[in-house]
Amino acid sequence: MPHAHEAGWAHADGALRGPSWLREPVDPNALVDHLWSLTATKEDGVLTIGGVAMTDLARDHGTPAYVLDEADFRSRARAFREAFADYDVYYAGKAFLCSSVVGWVAEEGLSIDVCSDGELTVALRAGFDPARIGYHGNNKTYAELRRALEAGVGRVIVDSVDEIARLERLAAEGLTARVMVRVTAGVEAHTHEYIATAHEDQKFGFSITGGDAMEAVRRLQAAAGIELLGLHSHIGSQIFDTSGFEVAARRVLALHARISEELGVDLPELDLGGGFGIAYTTQDDPSEPAQLATEMTKIVEHECRALDVAVPRLSIEPGRAIVGPSTCTLYEVGTVKEVALDGGARRTYVSVDGGMSDNIRTALYDADYSCTLASRGSDAPPVLGRVVGKHCEAGDIVVKDEFVPGDIAAGDLLAVPGTGAYCRSMASNYNHALRPPVIAVRDGVARTVVRRETVEDLLSTDVGVESNS
Ligand SMILES: Cc1ncc(COP(=O)(O)O)c(C=O)c1O
Ligand SMILES: N[C@@H](CCCC[NH3+])C(=O)O
């Protein structure tokens, strides 16, 4: 995808036209539907979600704030549940997890995938059935594994030989473990390098080609107190092209069949991971859950037939595709600055009251986002804007390129869609920023599900001034 700094931007009249994919200025008085959550509308320029006007939400809860459309979250969870009716659907909590979300996931009939002791704690404290929790992680400690097994976690996804040894020790101590083996299928998924996970040269899983996966299976199969459920493959995140899933499924099922042949064991389950992409800009065209289900089931059934093995119980782990589109971040504009670029073109820098501390994805993955004016309409001619934060970092960019009304000014509210996944969950206190709240909206009511951090929260970990005397 071409990026902002690429050639072909500046036009003879000095106006910026944007990267080639951002051809037409978006209408500031309307929404590009597929980028926004289910209940989002614009009336007289005011963005309303879940029946709550963003002007009211900003007044009552302040900015920046993540605004979570509960109906949208639930409908996406339900869509996966229904489309993948014969599968177990694990919501990947790393995308975003809080107690309310745990409750919604339970009510919509999904299971949960956690990848840390912290996520496990949130799920358990919110009363989630431990038998429906899958526990991931490439470096789970003995203590963490013990806690998970004692809690009755339904499955542990084993990631290393060290972890097998820890589980054997725990089994010898009388605990039982139901496990899956995370394998690397050797697939180069078409996504950012940092979020691809099935190529060989990275930290997750056991290599199929190198023989490590088979070795792990043998050892776990032989261990008393450990029940091996099956293989697990996750090829990466924000993936649109199902060919990566297809290649991975073929390789993982070949191993599954080999296990059946060589060890005489028909593993009952198979997890195909998550990673389904969502729309961040008008350029993204994600598949619906029903289409994904049809394609993935076809691939698996075809391979199983060819390998002459029974189709195992399948599971998937979508995170982003459920929570990502449900949320937008609401900011207030603080300063607006027009900058002259080489060639006479100009770019409008719109500084908002958040930034890389509430959305690191742009800086980390070169991610693209879009935005809209949320507090009023405007007929001013659009200018090409760049939405930046207030951190002490030139790379503190939230939206690299988007058209904004030429009269955008301090005090305006700006909303960035698609920030439900990996934004609050990856938020930081850089520059001692206070992490924003998550405000759930539904049926005209806004309620805090994660409160805004306070200065006291920040200071609570600082031991204070030490006395030199
Ligand atoms: C093992 C595993 N499962 C599921 C997910 C969820 O991925 P996504 O949010 O892209 O669906 C991830 C994250 O990439 C993961 O590492
Ligand atoms: N955090 C990443 C995805 C990695 C998911 C976890 N394996 C993102 O924002 O896209």
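Here the structure is a predicted model, which is why all the values come from computation and not from measurement.

A. Broad picture of the pairing of strand 18 (residues 397-405). Within strand 18, nine of the nine residues are buried, leaving the element largely enclosed by the surrounding structure. Summarising the sheet, strand 17 (residues 382-388) and strand 18 pair through six bridges and their orientation is antiparallel. Bridge pairing in strand 18 places Pro382 opposite Pro405.

B. Representation of the pattern of salt bridges. Tallied over the entire structure, the rule returns 35 salt bridges. As a salt-bridge pair, Asp60 and Arg59 come within 2.9 Å of each other at their nearest N and O atoms. In this pair, the class of Asp60 matches that of Arg59, namely exposed. Three or more residues joined by partner-sharing salt bridges are found here, namely Glu70, Arg74, Arg78, Glu107, Glu108, Arg442, Asp443 and Arg447.

C. Representation of the site of ligand 1 within the structure. Taken together, 14 residues form the shell around ligand 1, and within it His234, Ser237, Glu317, Arg320 and Tyr422 come nearest. Taking Gly319, its main chain carries an N or O atom lying 2.9 Å from an oxygen atom of ligand 1. Separating an oxygen atom of ligand 1 from a side-chain N or O atom of Tyr422 is a distance of 2.6 Å. In the complex, 93% of the free accessible area of ligand 1, which totals 390 Å², lies under the protein chains. For the shell around ligand 1, the residue count by class is three nonpolar, six polar and five charged.

D. Highlighting the nonpolar core. The biggest cluster of nonpolar side chains holds 105 residues, and the ones touching the most others in it are Phe73, Tyr91, Val101 and Leu231. Of all the elements, helix 8 (residues 243-263) adds the most residues to this core, at eight residues. Here Leu231 is in contact with Met180, Val181, Val183, Val217, Val252, Leu255, His256, Ile259, Leu267, Glu269, Leu270 and Asp271, once residues within four sequence places are set aside. Residues Met54, Leu57, Cys328 and Leu330 belong to the second largest nonpolar core, which totals 20 residues.

E. Here's a closer look at the side chain of Asp159. With respect to the helices, strands and loops of the structure, Asp159 is situated in the loop between strand 8 (155-158) and helix 6 (161-172). At a separation of 3.0 Å, a polar atom in the side chain of Asp159 contacts the main-chain amide nitrogen of Gly205. Setting aside chain neighbours within four positions, we find Asp159 in contact with Gly137, Asn138, Arg182, Lys203, Phe204, Gly205 and Phe206.

F. Representation of the UniProt feature "domain: Orn/DAP/Arg decarboxylase 2 C-terminal" (unreviewed entry) in the protein chain within the structure. Mapped onto this numbering, the UniProt entry gives "domain: Orn/DAP/Arg decarboxylase 2 C-terminal" (unreviewed entry) at residues 325-420. Secondary structure within residues 325-420 divides into 5% helix and 46% strand; the distance between the first and last C-alpha atoms comes to 6 Å.

G. Examining the layout of surface pockets more closely. Here the second largest pocket defines a volume of roughly 480 Å³. Around the second largest pocket, the lining comprises 26 residues; the ones closest to its centre are Arg76, Pro286, Ser287, Glu288 and Pro325. Those elements giving two or more residues to the lining of the second largest pocket turn out to be helix 2 (70-83) and helix 9 (289-307). Per-element accounting of the lining of the second largest pocket gives the leading share, five residues, to helix 2. Of the residues that constitute the lining of the second largest pocket, the class distribution is 16 nonpolar, six polar and four charged.

H. Looking closely at the UniProt feature "binding site: pyridoxal 5'-phosphate" (unreviewed entry) in the protein chain. Under the local residue numbering, the UniProt record ascribes the feature "binding site: pyridoxal 5'-phosphate" (unreviewed entry) to Gly275, Glu317, Pro318, Gly319, Arg320 and Tyr422. Mapped onto the fold, Gly275 is located in the loop between strand 12 (269-271) and helix 9. Judged by relative accessible area, which is 9%, Gly275 ranks as buried. Among all residues touching Gly275, those that are not within four sequence positions of it are His234, Gly236, Ser237, Gln238 and Ile239. Within the element layout of this structure, Tyr422 appears in the loop between strand 19 (413-417) and strand 20 (438-442). Beyond its immediate stretch of four places on either side in the chain, Tyr422 contacts Lys94, Ala95, Ser237, Arg320 and Arg361.

I. Broad picture of the site of ligand 2. Lining the immediate environment of ligand 2, one finds eight residues, of which Arg320, Arg361, Tyr365, Tyr422 and Met426 sit closest. At a separation of 2.5 Å, an oxygen atom of ligand 2 approaches a polar side-chain atom of Arg361. In isolation ligand 2 offers 310 Å² of accessible surface; the protein chains occlude 82% of this area.

J. View of unusual backbone geometry. For the bond from Thr63 to Pro64, the omega torsion is -10 degrees, close enough to zero to count as cis. Relative to the helices and strands, Pro64 resides in the loop between helix 1 (54-61) and strand 4 (65-69). Of note in the backbone geometry, Asp308 takes a positive phi value of approximately 60 degrees without being a glycine. Mapped onto the elements, Asp308 comes out in the loop between helix 9 and strand 13 (313-316). Backbone geometry at His432 places phi at a positive 55 degrees, although glycine is not the residue there. Mapped onto the fold, His432 is located in the loop between strand 19 and strand 20.

K. Layout of the packing of aromatic side chains. Within this structure, the stated rule accounts for seven aromatic pairs. Taken together, a centroid distance of 5.9 Å and an interplanar angle of 15 degrees make the contact between Phe80 and Phe84 stacked. We note that Phe80, like Phe84, is buried. Here the aromatic residues Phe80, Phe84, Tyr87, Phe245 and Phe276 are joined through ring pairs into a cluster of three or more. In this structure, Lys140 packs its charged tip against the face of Tyr135, placed 5.8 Å from the ring centre.

L. A negative patch on the surface, seen in detail. Among the surface-exposed residues, Glu200, Asp201, Asp212 and Glu215 lie close enough to one another that they form a single negatively charged patch. Tracing the backbone through its elements, the reader meets Glu215 in helix 7 (residues 212-222).

Reading the values: rules and limits
- Residues numbered from 1 in each chain as written.
- Chains lettered and ligands numbered in written order.
- Predicted model: local features only at pLDDT ≥ 70, side-chain atom pairs only at ≥ 80, totals over all residues.
- Heavy atoms only, no water.
- Buried < 20%, exposed > 50% of the residue type's maximum accessible area, 1.4 Å probe, protein only.
- Helix = DSSP H or I, 4+ residues; strand = E, 2+ residues; numbered from the N terminus.
- Pairing = 2+ DSSP bridges.
- Salt bridge = Lys/Arg side-chain N within 4 Å of Asp/Glu carboxyl O.
- Near = heavy atom within 4 Å.
- Polar contact = N/O pair within 3.5 Å; in protein donor to acceptor, adjacent residues only side chain to side chain.
- Areas by Shrake-Rupley, 256 points an atom, 1.4 Å probe, with all protein chains shown as cover.
- Nonpolar A, V, L, I, M, F, W, Y, C, P; charged D, E, K, R; others polar.
- Core = buried A, V, L, I, M, F, W, Y, C linked by side-chain atoms within 4.5 Å.
- Contact = heavy atoms within 4.5 Å.
- UniProt positions renumbered as here; feature names shortened; annotations may be inferred.
- 1 Å grid on protein atoms, 1.4 Å probe; cavity = no way out; pocket = protein on both sides within 12 Å on 5 of 7 lines; lining within 4 Å.
- Points joined across faces, edges and corners; volume = space filled by probe spheres on them.
- Phe/Tyr/Trp six-rings, centres within 6.5 Å; stacked < 30°, edge-to-face > 60°.
- Lys NZ or Arg CZ within 6 Å of the ring centre and 35° of its normal.
- Patch = residues over 30% accessible without salt bridge, like charges linked within 9 Å, V, L, I, M, F, W, Y side chains within 5 Å.
- Lys, Arg positive; Asp, Glu negative; His and termini not counted.
- Charge placed at Lys NZ, Arg CZ, Asp CG, Glu CD.

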